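Results of the structural survey
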Amino acid sequence: MRPEILVTGSGWIPQVLEEMERRFVCHHLARVPREEQDAFLDRVGAAVRGVLTVGTIGIDAARLARLPLVEIVAVHGTGVDAVDFEATRQRGIQVTNTPDVLTEDVADLAAGLLLACARRLPQLDRYVRAGEWEAKLPLTPARSLRGKVAGIFGFGRIGQAVARRLEAFGMEIRYYQRSVAATAHARSDSLLALARDSDYLVVCAPGGPQTHRIVDAEVLAALGAEGTLVNIARGSLVDEDALVAALQQGRLGAAALDVFEDEPRVPQALRTLDNVVLAPHVGSFTVEARTAMGQLAIANLAAHFDGLPLPTPVDPPPPRP
Ligand code: 8YV
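Residues numbered from 1 in each chain as written. Predicted model: local features only at pLDDT ≥ 70, side-chain atom pairs only at ≥ 80, totals over all residues. Heavy atoms only, no water.

**Some details on the site of the ligand**
Every residue close to the ligand is listed here: V54, G55, H76, G77, T78, G79, L102, R234, H281, S284, R290 and M293. Interatomic distance of 2.8 Å between a backbone N/O atom of G55 and an oxygen atom of the ligand. H76 places a polar main-chain atom, nitrogen or oxygen, 2.8 Å from an oxygen atom of the ligand. For the ligand, the accessible surface in isolation is 330 Å², of which the surrounding protein chains cover 91%. Split by residue class, the shell around the ligand holds 3 nonpolar, 7 polar and 2 charged. (Near = heavy atom within 4 Å. Polar contact = N/O pair within 3.5 Å; in protein donor to acceptor, adjacent residues only side chain to side chain. Areas by Shrake-Rupley, 256 points an atom, 1.4 Å probe, with all protein chains shown as cover. Nonpolar A, V, L, I, M, F, W, Y, C, P; charged D, E, K, R; others polar.)

Printed below as a string of structure tokens:
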């Protein structure tokens, strides 16, 4: 008998969806109108043994409470900050994610956003399309990346992959995270020091209570009027109001953002600023990465139901004191 799973999120790669449906009885929450979701869970929840969710949705305690038999939460994504680990720990629910398979594509987007911001690619595109080139309107030169300092906040797999790309641009790499990484790149003493030391601050650290709004007004001030913030991690790491104010008042040079505090809502102020490049949380949104992520999430669920070792389990964070 195929195990029953709850699937949150949508937009699955067809091949992944097919495989999911072949192996499991899937209850797709995203296909149910929001106001009917509780009733839907009351109807199907009692038979659900697994959850397949996405990084940004995760699963909270209230939803888990409607799934009394759930044994595993497989996250399609690397970030597990939206999973309520207190609830999973209490019930002995296993959590898995999909690391590695998205690293290079997310790093490509980070480097691409940084380059787009530095060389003003969206503005140049608009300039040509609007006929401003033919009209010989003035165009300000961009700034070279060579010799500039890229400060990577969070030097895990994705942070290091971003560093490799930015090195190829001739940038000097620094990083900050609590632990010392096995790298020749210099580590700043704190996030604040990293911002002070850098021309570009690239946020690659995990979301969660420990990093909530850690990029605050002080960090942005340290990055400065010539500095650029790049965020491909989670919107929750950045104080968005402080970011908007710093950009509007010219206290921060520019920002390139793939993630936001309240997705898919992006503050109107950010949309109107010219010194900002925006993307709709698409770091891993390639056919290749999403296929591999889907396969890995399914492999985790299948291994669990077959009683085999999980390919990519996530250790729960230590319990809150
Ligand atoms: C995806 C992500 O947006 O990996 C993550 O943590 O945020 C992204 O890759 C998402 O999880 C896709 O399902």
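**Some thoughts on a nonpolar patch on the surface**
Together, L121, L124 and L139 make up a nonpolar patch on the protein surface, roughly 250 Å² of accessible area in all. With respect to the helices and strands, L121 occurs in helix α6 (residues 121–129). We classify L121 as partly exposed; its relative accessible area is 41%. (Patch = residues over 30% accessible without salt bridge, like charges linked within 9 Å, V, L, I, M, F, W, Y side chains within 5 Å. Salt bridge = Lys/Arg side-chain N within 4 Å of Asp/Glu carboxyl O. Helix = DSSP H or I, 4+ residues; strand = E, 2+ residues; numbered from the N terminus. Buried < 20%, exposed > 50% of the residue type's maximum accessible area, 1.4 Å probe, protein only.)

**Notes on the sheet that holds strand β7 (residues 172–176)**
Ordered by their spatial adjacency, 7 strands build an open sheet running β8-β7-β6-β9-β10-β11-β12, and the pairing between neighbours is parallel. With partners counted over all chains shown, the strands left at the sheet margins are β8 (186–187) and β12 (276–278), one partner each. Of the strand pairs in this sheet, strand β9 (residues 200–203) and strand β10 (residues 228–231) are connected by 4 bridges, and their pairing is parallel. In the sheet register, Y200 faces β10, and the bridge partner there is T228. (Pairing = 2+ DSSP bridges.)

**Some points on the pairing of strand β1 (residues 4–7)**
Pairing between β1 and strand β2 (residues 25–28): 4 bridges, direction parallel. Residue V7 lies in a different strand from β2, and its bridge partner there is H28.

**Some words on the pairing of strand β6 (residues 149–153)**
Among the 5 residues that make up β6, 5 are buried, leaving the element largely enclosed by the rest of the structure. Burial along β6 is two-sided: V149, G151 and F153 and A150 and I152, pointing in opposite directions, are all buried. In this sheet, β7 lies alongside β6 in parallel orientation, the contact comprising 5 bridges. Looking at β7, one finds that I152 is bridged to Y175. Once the chain exits β6 it traverses helix α7 (residues 157–168) before rejoining the sheet at β7, and the crossover so formed is right-handed. Pairing of β6 with β9 involves 4 bridges; the strand directions are parallel. Within β9, the residue paired with I152 across the bridge is V202. (Right-handed = clockwise from strand over helix to strand, strands pointing away.)

**Here we look at the packing of helix α1 (residues 14–23) against helix α12 (residues 287–305)**
Two elements in contact, α1 and α12, have axes whose closest approach is 9 Å; the angle formed by their N-to-C orientations is 15°. The orientation of α1 relative to α12 falls into the category roughly parallel. Handedness of the crossing formed by α1 with α12: right-handed. Across the interface between the two elements, Q15, V16, E19, M20 and R23 from α1 touch R290, T291, G294, Q295, I298 and A302 from α12. (Axes fitted to C-alpha atoms, helices over the stretch in contact; angles between N-to-C directions. Parallel < 35°, antiparallel > 145°, perpendicular 65-115°, else oblique. Left-handed = near helix turned anticlockwise from the far one by under 90°. Contact = heavy atoms within 4.5 Å.)

**Overview of the packing of helix α5 (residues 103–118) against α7**
Put simply, α5 and α7 touch, their axes get as near as 8 Å, and they point 50° apart. By the angle class used here, α5 and α7 are oblique. Considering how the two elements wind past one another, α5 and α7 form a crossing that is right-handed. Contacts between α5 and α7 involve T103, E104, V106, A107, D108, A110, A111 and L114 from the former and R157, I158, A161, V162, R164, R165 and L166 from the latter. The residue makeup of the contact of α5 with α7, split by class, is 9 nonpolar, 1 polar and 5 charged.

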